[in-house]
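# Understanding the architecture of this molecule
Spelled out from the first residue to the last, the chains are:
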Amino acid sequence: MNTSRPLEKISHNTLFREGDIFVLFGELFGRGYATGLLEQAKAAGMDVIGITVGRRDADNTLRALTDEELAEAEANLGGKIINVPLMAGFDQDAPEGTPTPTELVNEMTMDSWQEHKLDWDHLAKCRELGTERFKASLAKIMEQLNGMIPAGKNVFFAHTMAGGIPRAKVFMAIANRIYKGRGARHMPSQNLIDSDLGKLILQNFDEVTANSFGHLLEASKSIRERIEADGGQVRYTAYGYHGTRVLIEGEYKWQTYTSYTQGFAKMNLENFAKTAWDNGVKATVFNCPEIRTNSSDVFAGIELSLLPLLAAFKKEGGGAWVDGIWQKCQDLLKDDATVEGMLQKVSDYQQDDAMQPFYNFEAWPMQNSAAQVDKTVGTSQEIVDLHKNRKELISDELSQHVVAATGALIFGEASEPAAPVLWLDHDMVAQSLIQSN
Ligand SMILES: NC(=O)c1ccc[n+]([C@@H]2O[C@H](COP(=O)([O-])OP(=O)(O)OC[C@H]3O[C@@H](n4cnc5c(N)ncnc54)[C@H](O)[C@@H]3O)[C@@H](O)[C@H]2O)c1
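Scope of this entry: the structure provided in the associated data block. Just so you know, these numbers come straight off a predicted model, no measurement behind them.

Packing of helix 11 (residues 320-332) against helix 14 (residues 394-414) brings their axes to within 9 Å, and their N-to-C directions diverge by 150°. Relative to helix 14, the element helix 11 lies roughly antiparallel. Along the contact surface, helix 11 presents Trp321, Ile325, Lys328, Cys329 and Leu332, while helix 14 presents Ile394, Glu397, Leu398 and His401. Of the residues assigned to the contact of helix 11 with helix 14, the class counts are six nonpolar, one polar and two charged.

Attention now moves to the site of the ligand. Around the ligand sit 25 residues in total, of which Glu27, Tyr33, Ala88, Thr293 and Ser295 are the nearest. In this structure, Glu27 approaches the ligand through a main-chain N or O atom, which is 2.6 Å from an oxygen atom. With respect to the ligand, the side chain of Lys266 contributes an N or O atom lying 2.8 Å from an oxygen atom. If the ligand stood free it would expose 820 Å²; the protein chains cover 90% of that surface. For the shell around the ligand, the class distribution of residues is 15 nonpolar, seven polar and three charged.

What follows concerns helix 13 (residues 370-385). A rise of 1.5 Å per residue sets the reference length of helix 13, with its 16 residues, at 22 Å; its end C-alpha atoms lie 22 Å apart and thus fit the reference within 8%. Residues of helix 13 that are buried: Gln372, Val373, Thr376, Val377, Gly378, Thr379, Ser380, Ile383 and Val384. Check the buried side of helix 13 and you find it contacts helix 5 (169-180) and helix 12 (339-351).

All told, the structure shown has 15 aromatic pairs when counted by the stated rule. With a centroid separation of 5.7 Å and 15° between ring planes, the pair formed by Phe156 and Phe411 is classed as stacked. Taken together, the residues Phe156 in strand 6 (residues 155-159) and Phe411 in helix 14 connect sequence positions 255 residues apart. A relative accessible area of 0% places Phe156 in the buried class. A relative accessible area of 3% places Phe411 in the buried class. The interplanar angle of 75° and the centroid separation of 5.3 Å between the aromatic rings of Phe313 and Trp321 together place this pair among those described as edge-to-face.

Analysis parameters
Residues numbered from 1 in each chain as written. Predicted model: local features only at pLDDT ≥ 70, side-chain atom pairs only at ≥ 80, totals over all residues. Heavy atoms only, no water. Axes fitted to C-alpha atoms, helices over the stretch in contact; angles between N-to-C directions. Helix = DSSP H or I, 4+ residues; strand = E, 2+ residues; numbered from the N terminus. Parallel < 35°, antiparallel > 145°, perpendicular 65-115°, else oblique. Contact = heavy atoms within 4.5 Å. Nonpolar A, V, L, I, M, F, W, Y, C, P; charged D, E, K, R; others polar. Near = heavy atom within 4 Å. Polar contact = N/O pair within 3.5 Å; in protein donor to acceptor, adjacent residues only side chain to side chain. Areas by Shrake-Rupley, 256 points an atom, 1.4 Å probe, with all protein chains shown as cover. Expected span 1.5 Å × (residues − 1). Buried < 20%, exposed > 50% of the residue type's maximum accessible area, 1.4 Å probe, protein only. Phe/Tyr/Trp six-rings, centres within 6.5 Å; stacked < 30°, edge-to-face > 60°.

Encoded structure:
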């Protein structure tokens, strides 16, 4: 694949009706992408069923939600939650009496982590345990779910899981250096990839972000076959990331946030959808635009890919709603700053020499360079400084709209999806918002 395959038209739901089942495969937290899709499912009258990643006790044991936690999570979801803890990844799994991968990472220090070697035989056992635990919980969930889906219904499985960063203090410090470190504090992301720590993290990302989707496809096979035998249909969607086409010098061009360490896992996620598709299962990974969420806040400067959406709104037709958003964004800026001036800064950033090597789709996900991080983080800080209040950012305003738009685009496309991997770029996001507002 040497180019992205954009979604090219806005489709509308022709399949899902009142009483059909929407399964959210990932727990709903706050302001993330899943909220947009969930809203669409509810508007179509679907019954919502969710899962939980579970919670950890003080001694790290993974457990189901308490009655109180469950009631709160179900109220937040607006649907029933199957209360079996479904945490993916193996960062906290280990054979009895042996250290977990997170404990092993905690033995590293800022000075030692690059040379620190891990026992891969031990880690392979931890990984196997984590996978077995996940699959065993998933089998219980599927059994309960099967009993909750009446005959004749259509089912929509929406995968949202992504993550896998071990909860270790030292990694937080390393992440700060890699994603935010400028000048003397710059840390090449290649150093992480080359280290044993990096190799462990990539494996865990694969488990959480990609393999969880593979397990879902496999474990729901008998439900899928039952639904289809009854004349119903089943769809699977997942959220991918693989760069986005945004306006650069007036044209939609592919660009990416760098460095995106989870990129390898996201490509594996795409491969699960392609294999399923080849076997006649309608599974689609929707590669979504860069937005600010609890999960993406670690990536300093990610919003530089999002801000050109303001220009896309005008290119796609503008109108009263777009004028309103521009005004709202203008009001978030200091009196001597303008939206046009901010977009000019983003344009200068896009054109900067340091950024040019990264417009390379085939080489994605590329590792960072000192000049690139300096430009990305520096421009991001300059743009934050244009705001009246650094807690009320234009990127937050735009993120909410992208969440709503992708929800509508994904839900509309899922009835008759065009391909197993589709990119939702700024042109379609802008058109969808202009049409619906
Ligand atoms: N934020 C972005 O810029 C962006 C861009 C493109 C795609 N995405 C994708 O959208 C999806 C939702 O992410 P978001 O940014 O809205 O953030 P989010 O924090 O709302 O969602 C993350 C999801 O992952 C689940 N999760 C995290 N760790 C897990 C684990 N160990 N086991 C099982 N589940 C786990 C959470 O329950 C949650 O449902 C993700 O797949 C993400 O990669 C995000």
